[in-house]
Amino acid sequence: MKQQKICIIGSGLTGLLTAAILSRLNVKIDLIAGSVNKKINNRTTAISQDNVNFLKKNKILSVDKKLFWPCSKMKLYTVSKTSKLNKIFEINEFESSKKKILYMTRNSQIIQNINDYIIRKKIVKIKKKKLNFKMITSGFLKSIKFNKDYQSKYNLLIFCTGKNSDLTKNIASSNNINHGYREVSITTILKHEFLNNNSAHQIFLDSGIMAFLPISNTETSVVWSVKKKVIEKYKNRRNFLIKKKIYLSATSFYKKIKFFSNLEINDLNLFISQNYYKDRILLFGDALHTVHPFAGQGFNMIIRDLEDLEKKLRNKINLGIDIGSNEILSEFSNEAKPRNFIYSMGLDILKKSFSIKNKPYQNIRNQTLSIISKNPYAKKFLFNLANNKFKF
Ligand SMILES: Cc1cc2nc3c(=O)[nH]c(=O)nc-3n(C[C@H](O)[C@H](O)[C@H](O)COP(=O)(O)OP(=O)(O)OC[C@H]3O[C@@H](n4cnc5c(N)ncnc54)[C@H](O)[C@@H]3O)c2cc1C
């Protein structure tokens, strides 16, 4: 059988990693990159130990402290009336079978590293400022016509085009779950005095959840998911007041704090696609499921999907089976869909439970977390859920 061809559309984290991982199979990969975002991205991503192991095994990225900063403790806090932090939960690596609680990576660096790998592997990367292409069904395969001089036929198209792309609309179902949280995420990076920076801190504020995630001994990434109405009240002093709030919370953990990057603000929503594929097109990444970032699970879910997809395609390619057929795509969808649905809904319920303002409820929630914090078995169970063990 002729070598099969895959076209990956979208060059965010998902598109790049999918191209890199699948290029290790006996297939030809083309990657359509779309317009390149020149804006410096200050975003960081927490990746679980098992997912870092998967990346290491595939030898796509050098797994060292420069790229993946290890984090061996995670602490959760509430704030008292006198603005004092009360620790309600703590987990460390000795309670998680000596696995790191998470690894932090900078999106810009990981993108640069995967791009280098893609160049080394000579994956065809088609960059277009304004992407204008047509999809045509040609015989059994799917053709993409970019312009007069470039046309190609593919067994499988993988749309890694994020949650808002027009391209996914013809695969979308009216049963998709799509609701806004009426919150935005505010991200930035702080510089501070040198410390042994290996603890992640998460504070439950009335306005939302503020996380401090270490990325080096002198830098910490901040992710604050905050109610839109709080930000709207700040009006034209918005950036000043956001920075003030972050600064005041950060002084509990760090000294000599400086804002190292600008604030980046994004809308937050929950999206779960009902359809995973149609007519040789597979949706992937945030185009399939987008979750609230408070638990740092969005990209981790995508890496788990990718691990499954790679295994499935490897077997089929070895057997000479057409990888874009409905049977293969439904096999992947039938396995990944229930897992992703339960995981996304579970995160949504957890997120909502942290937003309830009722005091008696909050007391029960905090006491429950304190009890769990003292129970090594319960903690190990929670760690395994976040790390990778939620697979069936
Ligand atoms: C504040 C925040 C913090 C987060 N923290 C974590 C974390 O700690 N851990 C974790 O696991 N996850 C985290 N996530 C989730 C994670 O960032 C996302 O799941 C991941 O970045 C999704 O990547 P993606 O490539 O699927 O989508 P996107 O990043 O949206 O990329 C889609 C790409 O497709 C391109 N595109 C769209 N349409 C077309 C087209 N027609 N042609 C060509 N290209 C097209 C776009 O230009 C873009 O480059 C976080 C998310 C947020 C918002």
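Here the structure is shown first, and the text comes after it.
The following paragraphs examine the structure supplied in this document.

### Here's the deal with the overall build of the protein
Here is step 1 of the chain: Each helix and strand counted, the protein has nine helices and 21 strands in total.
Here is step 2 of the chain: Expected size for 392 residues packed as a compact globule is a radius of gyration near 21 Å; at 22 Å, the protein falls within 12% of this value.
Here is step 3 of the chain: Dimensions of the protein along its principal axes, counting C-alpha atoms only, are 70 × 45 × 40 Å.
Here is step 4 of the chain: Counting every position in the protein, which comprises 392 residues, the buried fraction comes to 36%.

### Description of the site of the ligand
Here is step 1 of the chain: Close contacts around the ligand come from 30 residues, with Gly12, Gly34, Gly162, Gly285 and Gly298 the closest.
Here is step 2 of the chain: Per-element tally for the shell around the ligand: the top contributor is helix α6 (residues 298–318), with four residues.
Here is step 3 of the chain: Residues belonging to the shell around the ligand are distributed by class as follows: eleven nonpolar, 18 polar and one charged.

### A look at the pairing of strand β13 (residues 177–191)
Within a regular strand, the side chains alternate between the two sheet faces.
Here is step 1 of the chain: Taken together, the nine bridges between β13 and strand β18 (residues 264–272) define a ladder with antiparallel strand orientation. By the bridge assignment, Ser185 is partnered in β18 with Asn266.
Here is step 2 of the chain: Strand direction decides the pairing type here: β13 and strand β16 (residues 219–227), joined by nine bridges, are antiparallel. In the sheet register, Ile189 faces β16, and the bridge partner there is Ser221.

### Points about helix α2 (residues 49–57)
Here is step 1 of the chain: Gln49, Asn51, Val52 and Leu55 are the residues of α2 that are buried. Taken end-on, α2 shows its buried residues confined to a sector of 165°, consistent with a single buried face.
Here is step 2 of the chain: Elements that come into contact with the buried residues of α2 comprise β3 (44–47), β7 (102–106), α6 and α9 (376–387).
Here is step 3 of the chain: Positive phi appears at Lys59, one or two residues downstream of α2, with a value of about 55°.

### A short note on the sheet that holds strand β4 (residues 69–71)
The strands that make up a sheet pair up through hydrogen bonds in the backbone, lying either parallel or antiparallel.
Here is step 1 of the chain: Pairing is antiparallel across the open sheet formed by three strands, whose spatial order is β3-β7-β4. Lying at the two open borders of the sheet, with one neighbouring strand each, are β3 and β4. Neighbour-to-neighbour, the strand axes of this sheet turn through a mean angle of 30°, independent of strand direction.
Here is step 2 of the chain: Relative to β7, β4 runs antiparallel, the two sharing three bridges. Bridge assignment links Pro70 to a residue of β7, and that residue is Tyr103.

### Examining the environment of Val124
Here is step 1 of the chain: Inspection of the secondary structure assignment puts Val124 in strand β8 (residues 124–127).
Here is step 2 of the chain: Its 14 C-beta neighbours within 10 Å are what place Val124 among the partly exposed residues.
Here is step 3 of the chain: Val124 sits 110 residues away from Tyr234 along the chain, and the two C-alpha atoms are 47 Å apart.

Cut-offs used in this document
- Each chain carries its own residue numbering, running from 1 in the direction its sequence is written.
- Note on the predicted model: pLDDT of at least 70 is required for a residue's local features to be given, and 80 or more for side-chain atom pairs to be given and counted; whole-chain, interface and lining totals, by contrast, use all residues.
- Secondary structure elements follow DSSP: runs of H or I of four or more residues count as helices, runs of E of two or more count as strands, with numbering from the N terminus.
- With the radius of gyration taken over C-alpha atoms, the globule rule is written as 2.2 Å times the number of residues to the power 0.38.
- With C-beta atoms placed from the backbone, the exposure class of a residue follows from how many other C-beta atoms lie within 10 Å of its own: 20 or more, buried; 12 or fewer, exposed; in between, partly exposed.
- Using the backbone to place each C-beta atom, any residue with that atom within 6 Å of a molecule or strand is considered near it.
- Residue polarity is assigned by list, with Asp, Glu, Lys and Arg as charged and Ala, Val, Leu, Ile, Met, Phe, Trp, Tyr, Cys and Pro as nonpolar; anything else, Gly included, falls into the polar class.
- Any two strands between which DSSP finds at least two bridges are classified as paired.
- In this description, the arc belongs to the directions extending from the helix axis to the C-beta atoms.
- In this description, any two residues whose backbone-derived C-beta atoms lie within 7 Å of each other are considered to be in contact.
- Every angle, taken between N-to-C directions, lies between 0 and 180 degrees, and every axis is a line fitted to C-alpha atoms, over only the stretch in contact when it is a helix.

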